[in-house]
Structure formats: structure tokens, C-alpha cells
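What follows is the residue order along each chain.
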Amino acid sequence: MLSSKASCNSHGQDSSYFLGWQFYEKNPFDVVKNPAGIIQMGLAENQLSFDLVESWLRKNPDAMGLKNKEGESVFRDLALFQDYHGMPAFKNELVEYMAKIRGNKVKFDPKNLVLAAGATSANETLIFCLADPGEAILLPTPYYPGFDRDLRWRTGVEIVPIHCSSSNGFRISMHALEEAYERAQKLNLKVKGVLITNPSNPLGTTMAKDELQSLITFAIHKNIHLISDEVFSGTVFDSPCFISIIEAAMDSNLERNIDVLSRIHIVYSLSKDLGLPGFRVGMIYSNNQTVVAAATKMSSFGLVSSQTQYLLSCMLANKKFTGKYMKENQRRLKRRKEMLVSGLKRSGINCLKSNAGLFCWVDMRHLLSSNTFEAETDLWKKILCEVGLNISPGSSCHCSEPGWFRVCFANMNQSTLEVALRRIKGFVERSRLNYQQNMGGFSRRLLSNWVRKLSSADHREEQER
Amino acid sequence: MGLLSRKATCNSHGQDSSYFLGWQEYEKNPYDEVENPQGIIQMGLAENQLSFDLLESWLAKNPDAASFRRDGQSIFKELALFQDYHGLPAFKNALVDFMSEIRGNKVKFDPSHVVLTAGATSANETLMFCLAEQGDAFLLPTPYYPGFDRDLKWRTGVEIVPIQCTSSNRFQITAAALEEAYQEAQRKNLRVKGVLVTNPSNPLGTTMTRDELDLLVNFITDKEIHLISDEIYSGTVFSPPAFVSVMEVLKDRNLGKTQVWERVHIVYSLSKDLGLPGFRVGAIYSNDPIVVAAATKMSSFGLVSSQTQYLLSAVLSDKKFTKEYIAKSRKRLQKQQSKLVAGLGKAGIGCLESNAGLFCWVDMRHLLSSDTFEAEMELWKRIVYDVKLNISPGSSCHCSEPGWFRVCFANMSEDTLKLAMQRLKSFIGSMAVNDRSHQELKNSRRKFRTKWVFRLSFQSFHDREQDER
């Protein structure tokens, strides 16, 4: 009766990523009303800099009240504005803002920018433009769980993972790229492109220029596309500074530059750095005119509210504000991340070294009862139910190694993070105690098997510990 | 260079049709009372520009709604973070009340059955993704909104099979036409998943009769398929008969909790009655919980800005305002429509009798040089380029009879409408003078042609046509 899309579950929303979220919704932490509740550390939101935006809003009531600089109402024009080319003033501000994030090392042309209702919409639209049902996109693992839905569900396109491992900080190796490509071939899937998230979600790291250039070379050789989801580009708070794929493409001896640029596409959004996911502002940037034309028409299915375009064009036009915001926001993100990293370290837990994002990629392999995903899920459930923290297990991000977790830090205030860190510390200490007890028990069992074989001296040592 | 998808390179977005081309012509030379009085008047855009003053005055009296404030407190942070695809509860509650009010409170809607989407464009596509597979078909009565060719088919791969309606019975849907369309789909090896109607109709401007609705309900029950009722113009019904929603019919026939109840889905939007297409507010209403669940997840690809949800929840919660708005808007639409009808009448042009919408379905068959779509295109081009009015030819709406045009009236002032009517009158007048002799010539030539047409080659026939233009 219904379509297979409606009745299947390739929206991926039965995954733990979403289940943890649901659990949290039933018992959310509140410092006053529910101090024993679950702390949400699975949501990559930036709540650290709203005060800066609110202060701008208070000083600029006309932008909210749909009035122009002369105090005249622009309500009518906005109410009617549904041009899928987007509001020119808004796009002009966006490209300048995007350039600023990239240290003005790249310039963007507003004509190559297509607005969409969030990066969710932008990513899906790009896939619709670049691939047919049954074709495939390569993605390095671990990756954002939402991609399983956004890139595949309605498009019918497959994802083939590029396996990355902790052995080299989860960087993409040429070997892993080739291997993924060959695996796709064996599955009879035509590869149309590679999609990377840079800065990475969930790793929180930025890619080096040589990594980007290797990817570009790979894409040229295989005659495929390269999508760089740069939604976290505004959250780079530490060195190395952010290098966009376009900068890497231009700043090189790569042949056929024009051809190169026509296969590179960027996705961006204001949800992460500006912390405005509710406003649904995403975009595609491409030098490929056919892609821009098709994506523009497709954006009809997810245009940005003109009311929102107007407000944000006013805000981004204020260069003093954006300069101040970027700097202060990055400072706060860095401080908060350092708090998480040092807090975890005190509990004997390490994180992957990161310089961006709203989360850390946390190494809890040593807390697993075994090097398996079942053990990871067990640990995740314990942390969710006993410790009361909703964090994201690496398996939900398709990580190839068990024991890694994504832990968000920017969606809560400092005292909540302190509570979370205390809870983790308590958990780790209890686990250590249990482990020692279990190990003791285990040893005793082992010995009871061997007691006839081992000398009585060994047995006496065990007892003395 | 790497290949793009078929969707990106084909043209099943349908945007090479005249509907969009006329729009482009207008963009190159748009009418402006002061700056370009000779420009093309846009009569191809179904927008409601008649009641903005009411909304603006409400905004002026209620500044908090646009300023992220509730009860004097800032809720900016809450809204900035709100991306729940279940939608803002206050907005959905206000929306279902508004939808009910439009239907004379004869139906009540449950907010948990509503899925918000970025405009009806998004709602319609999402419903297709939920109800049909690639290669399945939906039946649509002609004439229909040209955008459906893109919205329903492009990325979904779903086909449209037309239900041919004719002027013989005012373009109403008949049982025979429904059955014929169904058979046509079968002949093409297409599995029919449902019927999609627009009620009130675009481009006809008429509301469906109860008989038609009963017919549809019987048909979908019999064939065990879906019915989508795109009711985006429901708030623009300005004269009797009153609007009857398909939900009302189901209720009156006690079909609640039956299987057919779950196969009827409504699409709505605030773009037409409230005149807010820029704000991208659409909705799907369904009694099937699986459809609601799937569509809700799919709405991730086109959520409504929380800033906009909040503003409009405040507007629609003001019941005094909505009541006043609906009444005034209807009156203004009725007045403007009758001006268009009268103006056309003075030019000797009739319209289909209509009681809703932002346009009239205009009968220009008598102005065609021949009963063909080529002649309709010729006439359309003359009206766009010579008369400087962008109207929509029936062929772009898949009308089965040439000579009908959709002419919008609600997207301009009274004065502009007057000017448009004057231009049309002059055109008809000059056409009558010039073409009388032209017509006599053509009539004699036509007789000549019918005798010789089988002997002449297509080439020389074509050459002669060129000379006459």
C-alpha cells in the first residue's frame, strides 16, 4: 500500500544514535528539576555563544521586525519572495562569511551558491544531482550517523565505507581509498564520488593539505566527484588552521584546474558555528554549472524561509559582529573542549587530539570487557543508564574499531559538564574496583582448574594480594 | 568529467514548459506603474497580494512574535535550537484550528496527524515518496498545476496519468474519465497508487461538488488506492458554494476508522490564503500513522524555520484576527475576481464560472486561428509579446482542449488589473479589424488546403504558413 521507503527502515533511525536520544527525552537532566537525569552529550549543538547573537538582535530590532534600514516595512517583499536563486543580499553575505572562515584564502561567487533547508537538505540534493539509484558514494569511517538517511534513503544511493583506524589517527590512507573503491566494484556498485566531512564529525580534526590533495588526485584518476561537508568549518578553535578543499585544489600543481573545480562541491550550514539549527540554513557551493542549475531547481523542495534569510543577511552584513563572534566563539569552544579533555584524562580516558568541532572522539577501549562491538554496546548502555550520560557509540558512526565514543561538549553549560565529568570519574573508579574483584574471581576460577597442576605456592600468592 | 545523475541532466523538472518561459519573459521586461508602464504585466503568478495590510497591521500590534519573545521573555535560544521534525506544538495546534475554521468548523483536525514541510511543493513530493515507488503512477485530473510535473515526478520517478476533463461539463471529473485514466495506466503497465486532486482547483478556480467528491471516494475505495487532496486554495473560497473538504465527506459518510479513511491525505500551505509563499509553510495531513511517521522523518529534508513557525503560531492563535482576516480576504478576492470577469466580458471573453482561487480559467477558444495547440501557442505568444500580459496557456496545464488560459488577478492592484483589461480590449478590437480580412483569407485558404493537403508536401505547406504570419 505504501512505498518501500515509507515502510522500510533505511532511514536508519533505529540505530543507537537515535535510541539514546529517545532515552534522554524520557529523563532529561535539569539542574533544578531533575539533577539525576540523563545528560545529553550526543547532540552536536553549539550553545556557547547565544548571548553574542542575542545582544546583536537587541541592538537591531528592525531585522527581526522585518523593516529595512530606513525603518520601512519589507514584510510584503519578504512574504512574496520564493525565488529559488535565494535572496541576493543574503548570498552575498554568506560567501563573504565563508571566505572569512577560511582566512580569506578563497573567494566564493554567490552565483555558485545554492541555498537549502539545512545541510541535511543540501547533502541529499547533491546526491540526487551526482548519482543515480544503485550507485555509490565512498565515505571515510567513522562518519555522522545521519548520513545513512540523508545520502541513501530517498536517493537509493549506497554508501561504501573507507575504513580508517586509530593506527594513524583515523586519517584517510590511499590504501584504504583504493580498497574501498575495489570493494564497491566487487559489489557491482558504480562509485560516483567521495564524501568527506572536514572538519570531521565525529573526530573533531581538520584535514591536512596533502590529505586533501591526495583525495583530489584520487577523484581525478577515478573520474568521480568530491563532496566536502564543511559544516564545522566555523568551529576550528585551534591549530592547524582550516584548509578548505577548494584551497587545496587551487593551491597545487594539479592539472586541468577547471576540470578539478567542476568535480568539487562544498556543503555548509549555519547550524554549527552560529548555533542556529532551528533556522534551517544550509547551502551547496559548486563551480559546476550543471550541478548549480539542477540543485537550484531541486532547492524548491527545501527553500529557506525569506524571513530567516532577511534576518541573517542583516546580521552577517555586520562585519564587526561576525569578526567578534568568530573569535569569541572559537575561544569558548577551545576552553570547553579542554575542560572535557582534561576531565576525561583525570579519569584515565584519552581523546583523539582535535582542533575543531563540538565534540571529542573518546577512547574507551580499555573499558571494554572484550574487543567487540557487543562489549561497546554494553558499555554504552551502562553509561546511558547507570552513569546517565547520552554519548554516541562509535558503532553508530560505523567505526571499524570498538571502544570509541563521540562526546559532545558545546551543548551544555560549564556546571553541567562538571557534573558529567564527576559521574564519569565515579563510573571509572567503580569499574576499576569491579574489574579487580572480577579479575580476582577469574583468577581464582582459573586456579581452581589448575590447582591440581600448579604448585601450592602460586595459590598462596593469589590469596595474599 | 565525471557523470552527473540522470535527474540533473534530464529535463523532467518540466521547467522548459511555457509556464516557466512566460515567467522568464516577464522578468526581462516587468511592468512597473512608474518605471516601466509598457512592461509585461504578470498574470501568470498565483499569488495573493490583496491582504498584506491586515498582516502588517497585526505585526505592528504584536512585535514580540517576530522578535523571539513570549510573555515578554526572550525565547531566542529555544527557537534557534528547535529543529524537532515533529514541529512546534503551538504552531501545529494553531494551524489545525485555522484549517478547521476555513472549513466552517465542520471538520476537526488532530495536530498529531500533521507533518510540517517547507511549502506544499515539499509536502507533495514527500507524499509521493511515501505512497509510491519509482514507476508507479498517480492519476491527476486535467487541467492541473504545471509545477506538479516537477514536484510529483522528478526525483520520485513516479508517473502522472491524466484524467481528461472537458468543458462539456465544466471540467468536472466523471466516473468514465476516472476509469479511462485507470485503464490507460494499465495499458502503459503502470501500477496506479492513487489520485491527486486540487480542491479548490488550480487552474479552474472551482470547488469540487459533493458528487465529485463522493465519486472519488467510491473510486479509491473500489481500486484500493490513495487520494491526495491538495487543498492549498481552501482559504480562497470567496463565494458559494461553500468549500467541502474530502475529510468532511468521509465524516458524513461515517467512513472514519475504515481503510479508506487512512488512504486520504490532505496537503495544505499558507502560501495562498495568507499570501506567504516566501515563508515556506506547508503541511501534510494524514490519518495513516505510518504515513505520518515516514513523512515526519522525511520532513528533515525541508523543515520550516523555527523563527517562522513561532511568528505564525502567534498570528494563527489570534482567533479574532484569523476570523477577520478570512472574511476580509474573501471579500477582496471576490471583488477583484469580478473586476477581471467583467473586464474580460467587455472584451468579449468569457470565463469558467468560479468561486475560489487567485485566477480565472479564461475561454479564448474563439480567438484561435484553428482548434489546435499550435494556434493556442501563437495566441499566447501574441498576448505575451504584443499585449504584454503573461498569462498561462492551457497546454502548460495539460488541458485537453486548446484555447483556455489561466489568468491571475490577486497579485496586482486594481489599477494594474484595469490596465491589463484595457490592453486586452484594445488587442481584441484591433484583432477583429485586422483579422477579419485575415480571417476571410484564411477561411478561403483553409478550404483550398483541405482539398489539396494530401497532395502538397509538408514543406511547401509550412512555407505558406510562414508567409501568412
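Since this is a predicted model, take the numbers as computed values, not measurements.

S.K.: Help me understand empty space enclosed by the protein in this model?
M.R.: Over the atoms a probe the size of a water molecule is rolled, and this reveals where empty space is left. Residues and elements named next belong to chain A. Tallying each qualifying case throughout the model produces nine cavities of 30 Å³ or more. Counted as a void, the largest cavity has a volume near 200 Å³. In terms of lining, the largest cavity is formed by 19 residues, of which the most central are Pro-140, Ile-172, Thr-197, Ser-200 and Leu-203. Every element with two or more residues in the lining of the largest cavity is listed here: strand E3 (136-140) and strand E5 (191-197). No other element matches E5, which puts three residues into the lining of the largest cavity. For the lining of the largest cavity, a count of residues per class yields 11 nonpolar, six polar and two charged.

S.K.: Explain the pattern of salt bridges here, please?
M.R.: Where charged atoms from two side chains of opposite charge approach closely, those side chains can pair. Residues and elements named next belong to chain A. For the structure shown, the criterion picks out 42 salt bridges over all chains. With its nearest N and O atoms 2.5 Å apart, the salt bridge here joins Lys-319 to Glu-93. Residue Lys-319 is found in helix H15 (residues 319-346), and its partner Glu-93 is found in helix H6 (residues 88-101); the two are separated by 226 residues along the sequence. Among the residues examined, Lys-319 registers a relative accessible area of 33% and is labelled partly exposed. Ionic pairing is found between Asp-150 and Arg-149, a salt bridge with its closest N-O pair at 2.9 Å. Each of Asp-51, Glu-328, Arg-331 and Arg-332 takes part in a single network of salt bridges with overlapping partners.

S.K.: How do you make sense of the pairing of strand E8 (residues 282-286) of chain A when you look at a structure like this?
M.R.: Regular strands place side chains that alternate from one sheet face to the opposite one. Residues and elements named next belong to chain A. Of all the five residues making up E8, five are buried; the element is thus mostly covered by neighbouring parts of the structure. The alternating pattern of E8 places Gly-282, Ile-284 and Ser-286 and Met-283 and Tyr-285 on opposite faces, both of which are buried. As defined by bridge partners, strand E2 (residues 113-116) adjoins E8 across four bridges and the pair is classed as antiparallel. Across the sheet, the residue bridging to Val-114 is Ile-284, located in E8. Here strand E7 (residues 264-269) runs beside E8; their pairing, made up of five bridges, is antiparallel.

S.K.: Looking at this structure, how should I read a positive patch on the surface?
M.R.: Together, Arg-58, Lys-59, Lys-320 and Lys-324 of chain A together with Arg-69 of chain B give the surface a local cluster of positive charge. Breaking the positive patch down by element, the ones donating at least two residues are helix H3 (50-59) and H15 of chain A.

S.K.: Help me understand the packing of H6 of chain A against H15 of chain A in this model?
M.R.: Residue and element names in this part refer to chain A. Where H6 meets H15, the closest approach of the two axes is 12 Å, and the angle between their N-to-C directions is 35°. Where H6 crosses over H15, the two elements pack in a sense that is right-handed. Of the residues in H15, those in contact with Glu-93, Glu-96, Tyr-97, Lys-100 and Ile-101 of H6 are Lys-319, Thr-322, Gly-323 and Met-326. Residues that form the contact of H6 with H15 fall into these classes: three nonpolar, two polar and four charged.

S.K.: How do you make sense of the sheet that holds strand E11 (residues 350-351) of chain B when you look at a structure like this?
M.R.: By way of backbone hydrogen bonds, the strands of a sheet pair with one another, either parallel or antiparallel. Residue and element names in this part refer to chain B. With respect to topology, four strands assemble into an open sheet ordered E11-E12-E15-E14, the strand pairing being antiparallel. Only two strands of the sheet have a single partner each, and these edge strands are E11 and strand E14 (392-393). Set on the sheet, helix H13 (residues 319-346) makes contact with E11, strand E12 (359-363) and strand E15 (404-408); between it and E12 the angle comes to about 15°. Contacting E14 and E15, helix H14 (residues 373-385) runs over the sheet at an angle of about 30° to E15.

S.K.: Honestly, the interface of chain A and chain B in this entry has me stumped. Any pointers?
M.R.: Accessible area lost upon the coming together of the parts serves often as the stated size of an interface. The interface is formed by 70 residues belonging to chain A together with 71 residues belonging to chain B. The interface formed by chain A and chain B contains one salt bridge. For the salt bridge of Asp-132 of chain A with Arg-6 of chain B, the shortest nitrogen-to-oxygen distance reads 3.6 Å. Among the elements of the structure, helix H1 (4-7), H3, helix H5 (75-80), helix H7 (118-130), helix H8 (147-150), helix H12 (257-262), helix H13 (289-298) and helix H14 (306-317) of chain A are those that each provide at least two residues to the side of chain A that touches chain B. At seven residues, H7 of chain A tops the list of elements feeding residues into the side of chain A that touches chain B. When the residues that make up the side of chain A that touches chain B are grouped by side-chain class, the tally is 31 nonpolar, 24 polar and 15 charged.

S.K.: It is not clear to me how helix H12 (residues 306-317) of chain B should be interpreted in this structure. Could you clarify?
M.R.: Three or four residues apart is the spacing at which side chains of an α-helix point the same way, because the helix has 3.6 residues per turn. All names here are of chain B. Counted at 1.5 Å a residue, the expected span for H12 with its 12 residues is 16 Å, and the 16 Å between its end C-alpha atoms agrees. In terms of burial, H12 is a largely internal element, 10 of the 12 residues being buried. All of the buried residues along H12 are Ser-306, Gln-307, Thr-308, Gln-309, Tyr-310, Leu-311, Leu-312, Ser-313, Val-315 and Leu-316.

S.K.: Which parts of the structure should I look at to understand the packing of aromatic side chains?
M.R.: The geometry of an aromatic ring pair is captured by two quantities: the separation of the ring centres and the angle between the planes. Taken as a whole, this structure holds 27 aromatic pairs over all chains when the rule is applied. With centroids separated by 6.1 Å and ring planes inclined at 85°, the aromatic side chains of Phe-171 of chain B and Trp-361 of chain B adopt a geometry described as edge-to-face. A residue pair is termed long-range when its members are at least 10 positions apart, and Phe-171 of chain B in the loop between strand E6 (159-163) and helix H8 (175-187) and Trp-361 of chain B in strand E12 qualify at 190 residues. With respect to class, Phe-171 of chain B is no different from Trp-361 of chain B; both count as buried. Through pairs of rings, three or more aromatic residues link up here, namely Phe-50 and Phe-279 of chain A together with Phe-68 and Phe-76 of chain B. The cationic tip of Arg-149 of chain A hangs over the ring face of Phe-301 of chain B; the distance from NZ or CZ to the ring centre is 5.9 Å.

S.K.: Would you explain the side chain of Thr-416 of chain B in this entry?
M.R.: Residue and element names in this part refer to chain B. By the secondary structure assignment, Thr-416 is in helix H15 (residues 414-452). Looking at Thr-416, the relative accessible area reads 10%, which means it is buried. Residues within four places of Thr-416 in sequence aside, it is in contact with Tyr-31 and Ile-41.

S.K.: Would you mind showing me how to read the pairing of strand E10 (residues 282-286) of chain B here?
M.R.: Residue and element names in this part refer to chain B. Among the five residues in E10, five count as buried, and that is most of the element. Here E10 shows a buried face lined by Gly-282, Ile-284 and Ser-286 and a second buried face lined by Ala-283 and Tyr-285. Sheet topology note: the strand E4 (residues 114-117)/E10 ladder contains four bridges and is antiparallel. Across the sheet, the residue bridging to Val-115 is Ile-284, located in E10. One ladder, built from five bridges, connects strand E9 (residues 264-269) with E10; its direction is antiparallel. When the sheet's bridge partners are listed, Val-267 is paired in E10 with Ile-284.

S.K.: Honestly, the side chain of Arg-263 of chain B in this entry has me stumped. Any pointers?
M.R.: Here Arg-263 of chain B lies in the loop between helix H10 (246-252) and E9. At 5.3 Å, Glu-224 of chain B is the nearest oppositely charged side chain to Arg-263 of chain B, a buried residue that forms no salt bridge. A polar contact is formed between the side chain of Arg-263 of chain B and the backbone oxygen of Ile-220 of chain B, at a distance of 3.1 Å. Leaving out residues up to four positions away in the same chain, Arg-263 of chain B has contacts with Met-1 of chain A together with Ile-220, Thr-221, Glu-224, Ile-225, His-226 and Leu-227 of chain B.

S.K.: Any chance you could explain the nonpolar core here in plain terms?
M.R.: Considering soluble globular proteins, one finds that nonpolar side chains tend to be buried as a cluster. With 165 residues, the main nonpolar core has Leu-138 and Val-194 of chain A together with Leu-139, Val-195 and Leu-270 of chain B as its most contacted residues. With residues up to four places along the chain from it excluded, the contact list for Leu-139 of chain B reads Val-161, Ile-163, Leu-178, Ala-181, Tyr-182, Ala-185, Val-192, Gly-194, Val-195, Leu-196 and Phe-219 of chain B. With 145 residues, the next largest nonpolar core counts Phe-237 and Phe-427 of chain A together with Leu-50 and Ile-428 of chain B among its residues.

S.K.: Which parts of the structure should I look at to understand the confidence of the model for chain B?
M.R.: Residues shown with low pLDDT carry predicted positions that ought not to be read at fine detail. Residue and element names in this part refer to chain B. Across chain B, the average pLDDT comes to 91, with 90% of residues at or above 70. Note on residues 449-469: pLDDT under 50 across the span, and seven contacts to partners over four residues away in sequence or across chains. Interface scoring of the predicted complex returns ipTM 0.91; its pTM is 0.91.

Rules behind the numbers
- Residues numbered from 1 in each chain as written.
- Chains lettered and ligands numbered in written order.
- Predicted model: local features only at pLDDT ≥ 70, side-chain atom pairs only at ≥ 80, totals over all residues.
- Heavy atoms only, no water.
- 1 Å grid on protein atoms, 1.4 Å probe; cavity = no way out; pocket = protein on both sides within 12 Å on 5 of 7 lines; lining within 4 Å.
- Points joined across faces, edges and corners; volume = space filled by probe spheres on them.
- Helix = DSSP H or I, 4+ residues; strand = E, 2+ residues; numbered from the N terminus.
- Nonpolar A, V, L, I, M, F, W, Y, C, P; charged D, E, K, R; others polar.
- Salt bridge = Lys/Arg side-chain N within 4 Å of Asp/Glu carboxyl O.
- Buried < 20%, exposed > 50% of the residue type's maximum accessible area, 1.4 Å probe, protein only.
- Pairing = 2+ DSSP bridges.
- Patch = residues over 30% accessible without salt bridge, like charges linked within 9 Å, V, L, I, M, F, W, Y side chains within 5 Å.
- Areas by Shrake-Rupley, 256 points an atom, 1.4 Å probe, with all protein chains shown as cover.
- Lys, Arg positive; Asp, Glu negative; His and termini not counted.
- Charge placed at Lys NZ, Arg CZ, Asp CG, Glu CD.
- Axes fitted to C-alpha atoms, helices over the stretch in contact; angles between N-to-C directions.
- Left-handed = near helix turned anticlockwise from the far one by under 90°.
- Contact = heavy atoms within 4.5 Å.
- Expected span 1.5 Å × (residues − 1).
- Phe/Tyr/Trp six-rings, centres within 6.5 Å; stacked < 30°, edge-to-face > 60°.
- Lys NZ or Arg CZ within 6 Å of the ring centre and 35° of its normal.
- Polar contact = N/O pair within 3.5 Å; in protein donor to acceptor, adjacent residues only side chain to side chain.
- Core = buried A, V, L, I, M, F, W, Y, C linked by side-chain atoms within 4.5 Å.
- pLDDT = per-residue confidence, 0-100.

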